[in-house]
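Chain and residue survey
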Amino acid sequence: MAEKVAFVTGGAQGIGEAISKRLAKDGFAVAVVDLNVDKAGEVAQAIKDNGGEAIAIKLDVSDREAFSAAVDEVAEKLGSFDVIVNNAGLGPTTPIDTITPELFDKVMHINVAGTMWGVQAATRKFRELGKKGKIINAASQAGVVGNPNLMLYSSTKFAIRGLTQVAARDLAAEGITANAYAPGIVKTPMMLDIAHQVGKNAGKDDEWGMSTFSKDIALGRLSEPEDVAAAVAFLAGPDSNYITGQTIIVDGGMQFH
Ligand code: NAD
């Protein structure tokens, strides 16, 4: 069995898939956790085909009871629990007048509650096992600066940075750290959907929609999921032991603070 176990939500595609594969490469046994268990299974299989250890777990992160049970299942099956990456999230474009109570509840529940239940369940497990675990949450560049047409999404990502800071303070005495990563514009299915919307609204194609994003990036290219996974690998590994309560911005230089 691998010495360390990582639990990655939204691991079936996009950034979560890249994080799962990178952490496996770094020696973690990885639980690839997603609503879409078939796709999560494909990622777990790819990891195993490369000599790593992985399992796929079906979970809706907004379900608190199920989250807690999934953490127990992973610790039981993989023999430890060391890192949680609360990566799953929804990213709808939401011009102000399009936000309904139903959409608000859905996105808040998955992005914010889904992260909070992860912090809660992981904390319980770290305490049970006496681990100095690491909590890593997906924020966003849109959770550092409010972006146009993203009022609902940005609100969830600001909230995630806030709850990460509180977790860092509350858990520091136990040696548990909590940090966030804030991607910029990453080539994933989520971003392709947004590019499609932007293109369609302007009467142009998806590629045009995507090209509108790169003009603000100092490094001159969109992010690959692997760029974000590398930052998460740093936060998951021992080199970040003295870092807590922080958001690492991985946006190719979209803003400077
Ligand atoms: P994506 O939509 O491509 O993939 C998200 C994954 O999460 C999917 O596999 C989906 O099935 C899963 N998921 C969705 N709801 C779930 C739920 N309730 N329970 C369990 N799994 C669920 O997204 P992505 O672009 O890879 O983004 C991953 C994270 O990074 C998100 O939190 C997103 O907000 C954040 N992020 C992405 C970008 C970007 O440019 N793509 C930028 C900033 C932040």
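Residues numbered from 1 in each chain as written. Predicted model: local features only at pLDDT ≥ 70, side-chain atom pairs only at ≥ 80, totals over all residues. Heavy atoms only, no water.

As a further point, take the site of the ligand. Around the ligand there are 27 residues in total, and D34, N87, Y153, V186 and T188 lie nearest to it. Separating a nitrogen atom of the ligand from a backbone N or O atom of V61 is a distance of 3.0 Å. For the ligand, an oxygen atom lies 2.9 Å from a polar atom in the side chain of K157. When the free accessible area of the ligand is taken as 830 Å², the share hidden by the protein chains comes to 93%. Elements represented by at least two residues in the shell around the ligand include exactly helix 1 (14-25), helix 5 (151-171) and helix 6 (189-201). By residue number, the principal contributor to the shell around the ligand is helix 6, which donates three residues. (Near = heavy atom within 4 Å. Polar contact = N/O pair within 3.5 Å; in protein donor to acceptor, adjacent residues only side chain to side chain. Areas by Shrake-Rupley, 256 points an atom, 1.4 Å probe, with all protein chains shown as cover. Helix = DSSP H or I, 4+ residues; strand = E, 2+ residues; numbered from the N terminus.)

Turning our eyes to something else, we now look at the pairing of strand 3 (residues 54-58). For strand 2 (residues 28-34) and strand 3, the ladder comprises five bridges, and the chain directions are parallel. Considered in strand 3, the bridge of D34 is made with K58. Taking the sense of rotation as the criterion, the β-α-β connection linking strand 2, helix 2 (residues 37-49) and strand 3 turns out right-handed. (Pairing = 2+ DSSP bridges. Right-handed = clockwise from strand over helix to strand, strands pointing away.)

A word on the pattern of salt bridges. Overall, the coordinates contain twelve salt bridges when judged by the stated rule. As a salt-bridge pair, E128 and R124 come within 2.8 Å of each other at their nearest N and O atoms. Here the residue E128 and the residue R124 both occupy positions in helix 4 (residues 101-129), the gap between them amounting to four residues, near one helical turn. Looking at R124, the relative accessible area reads 28%, which means it is partly exposed. Across the pair E128 and K125 runs a salt bridge, and its minimum N-O distance is 2.9 Å. Taken together, the residues span about one helical turn, with E128 and K125 both in helix 4 at a distance of three residues. Among the charged side chains, a salt-bridge network with shared partners connects D72, R124, K125 and E128. (Salt bridge = Lys/Arg side-chain N within 4 Å of Asp/Glu carboxyl O. Buried < 20%, exposed > 50% of the residue type's maximum accessible area, 1.4 Å probe, protein only.)

Right, let's get into the domain arrangement of the chain. Domains assigned within the chain are domain 1 (5-186 + 224-250) and domain 2 (188-222). Relative placement of domain 1 and domain 2: their C-alpha centres are 25 Å apart. With 13 residues of domain 1 at the contact, the number on the domain 2 side is ten residues. Taking both sides of the interface into account, the surface hidden between domain 1 and domain 2 amounts to around 920 Å²; carbon and sulfur atoms contribute 65%. Of all residues in domain 1, the largest losses of buried area upon contact with domain 2 belong to T93, I185 and V186, amounting jointly to 51% of the total for that side. Scanning the region where domain 1 abuts domain 2 turns up one salt bridge. The partner of D227 in a salt bridge is R221, and the shortest N-O contact between them spans 2.9 Å. (Domains from an automatic or database assignment. Contact = heavy atoms within 4.5 Å. Buried area = accessible area lost by both parts, 1.4 Å probe.)

For the rest of this paragraph, the subject is the side chain of T94. Looking at the secondary structure, you find T94 in the loop between strand 4 (83-86) and helix 4. From its side chain, T94 meets the backbone nitrogen of L152 in a polar contact 3.3 Å long. Apart from residues no more than four positions distant in its own chain, T94 is found in contact with I99, L103, N149, L150, M151, L152 and Y153.

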